[in-house]
Amino acid sequence: ATLAVDKSCYSPGETIVASFEDISGTGVWIGIFPAGIVSDLQELPPFESDELKEWIFTCGFPNCHTWLSVGGVQLSTERLTPGDYTAVISGDGGSTVGQAATSFRFGSC
């Protein structure tokens, strides 16, 4: 599986465009954590974690009927503070065994 964001650095008010491919499962979400929180894709923080700053299901909506293995979603930067972040793809059923990750910066671009 792969995950990519459209820029390496975002400014306030910009939208993060994330694209993914070769992911598997249902209930899969893409989330944003501060850098350093995700040390191992095999053990993501739980979905309910206060460290999860933004998330969206891979279908792009709060309720999904179809789960895509390839696609793209948009994530808000509204809840981010300046610093480095890691975007991750959860495992099947929202499991904490992640499928892919990528990094980016918010602010000070």
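Preceding this paragraph is the structure being described.
Starting afresh in each chain, residues are numbered from 1 along the sequence in its written order. A pLDDT threshold of at least 70 governs which residues receive local features in this predicted model, and a stricter bar of 80 or more applies before side-chain atom pairs are shown or counted, although totals over entire chains, interfaces and linings include all residues. Excluded from the side-chain calculation are hydrogens and water; included are all heavy atoms of the structure.

### Focus on unusual backbone geometry
Across residues other than glycine, the phi torsion is negative in most instances, and most of the peptide bonds are trans. Here D22, not a glycine, exhibits a phi torsion of approximately 60°, which is positive. The helix and strand labels rest on DSSP assignments: H or I over at least four residues marks a helix, E over at least two residues marks a strand, and numbering proceeds from the N terminus. One can find D22 in the loop between β3 (15-21) and β4 (29-34). One non-glycine residue with positive phi stands out, namely S108, at about 55°. The residue S108 is located in the segment after β8 (100-106) in this model. Accessible area is worked out with a 1.4 Å probe on protein chains only. A residue is then buried under 20% of its type maximum, exposed over 50%, and partly exposed in between. For S108, a relative accessible area of 70% corresponds to the exposed category.

### Considerations on the sheet that holds strand β6 (residues 71-76)
The strands that make up a sheet are held in pairs by hydrogen bonds between backbone atoms, and each pair lies either parallel or antiparallel. Being paired, for any two strands, means DSSP has found at least two bridges between them. Read from one edge to the other, the open sheet built from three strands follows the order β1-β3-β6, with strand pairing classed as antiparallel. Only two strands of the sheet have a single partner each, and these edge strands are β1 (2-5) and β6. On average, each strand axis in the sheet is tilted by 25° relative to the strand beside it, whichever way the strands run. In this sheet, β6 lies alongside β3 in antiparallel orientation, the contact comprising six bridges. Bridge pairing links I16 to L75 in β6. To define axes, lines are fitted to C-alpha atoms, for helices over the stretch in contact only, and angles between the resulting N-to-C directions are given on a 0 to 180 degree scale.

### Re the pattern of salt bridges
Salt bridges are defined by distance alone: a side-chain nitrogen of Lys or Arg within 4 Å of a carboxyl oxygen of Asp or Glu. Tallied over the entire structure, the rule returns two salt bridges. Linking E14 and K7 is a salt bridge whose minimum nitrogen-to-oxygen distance equals 2.5 Å. For R105, the salt bridge is made with D84, and the minimal N-O distance between the two is 3.2 Å. Note that R105 is positioned in strand β8 and D84 in strand β7 (residues 83-89), a separation of 21 residues in sequence. Residue class for D84 comes out partly exposed when judged on its relative accessible area of 38%.

### Quick look at the nonpolar core
Buried Ala, Val, Leu, Ile, Met, Phe, Trp, Tyr and Cys residues form a nonpolar core when they are joined through side-chain atoms within 4.5 Å. With 20 residues, the main nonpolar core has L3, I16, I32, L75, I89 and F104 as its most contacted residues. Among the elements of the structure, β1, β3, β4, β6, β7 and β8 are those that each provide at least two residues to this core. The residues contacting I32, other than those within four sequence positions of it, are I16, E51, L52, K53, E54, L75, L80, Y85, T86, A87 and F104. Membership of the second largest hydrophobic core comes to nine residues, among which are F33, L52, C59 and C64. Between two residues, a contact is recorded if the distance between any of their heavy atoms is within 4.5 Å.

### Looking at the state of the cysteines
Here, the term disulfide refers to a pair of cysteine sulfur atoms separated by no more than 2.5 Å. In the structure shown here, the tally under the stated rule is two disulfides. In this model C9 forms its disulfide with C109; the gap between the sulfur atoms is 2.0 Å. Taking the torsion about the sulfur-sulfur bond, which here is approximately -90°, the covalent link between C9 and C109 counts as left-handed. Here C109 lies in the segment after β8 and C9 lies in strand β2 (residues 9-10), a separation of 100 residues in the sequence. Given the relative accessible area of 15%, C9 is considered buried. Between the sulfur of C59 and that of C64 lies a disulfide, 1.8 Å long from S to S. Between C59 and C64, the S-S torsion sits near -60°, and that sign places the bridge as left-handed. Disulfide partners in the protein, listed by the sequence order of the bonded cysteines, are 1-4, 2-3.

Everything listed is a geometric property; what it means functionally is a separate question.
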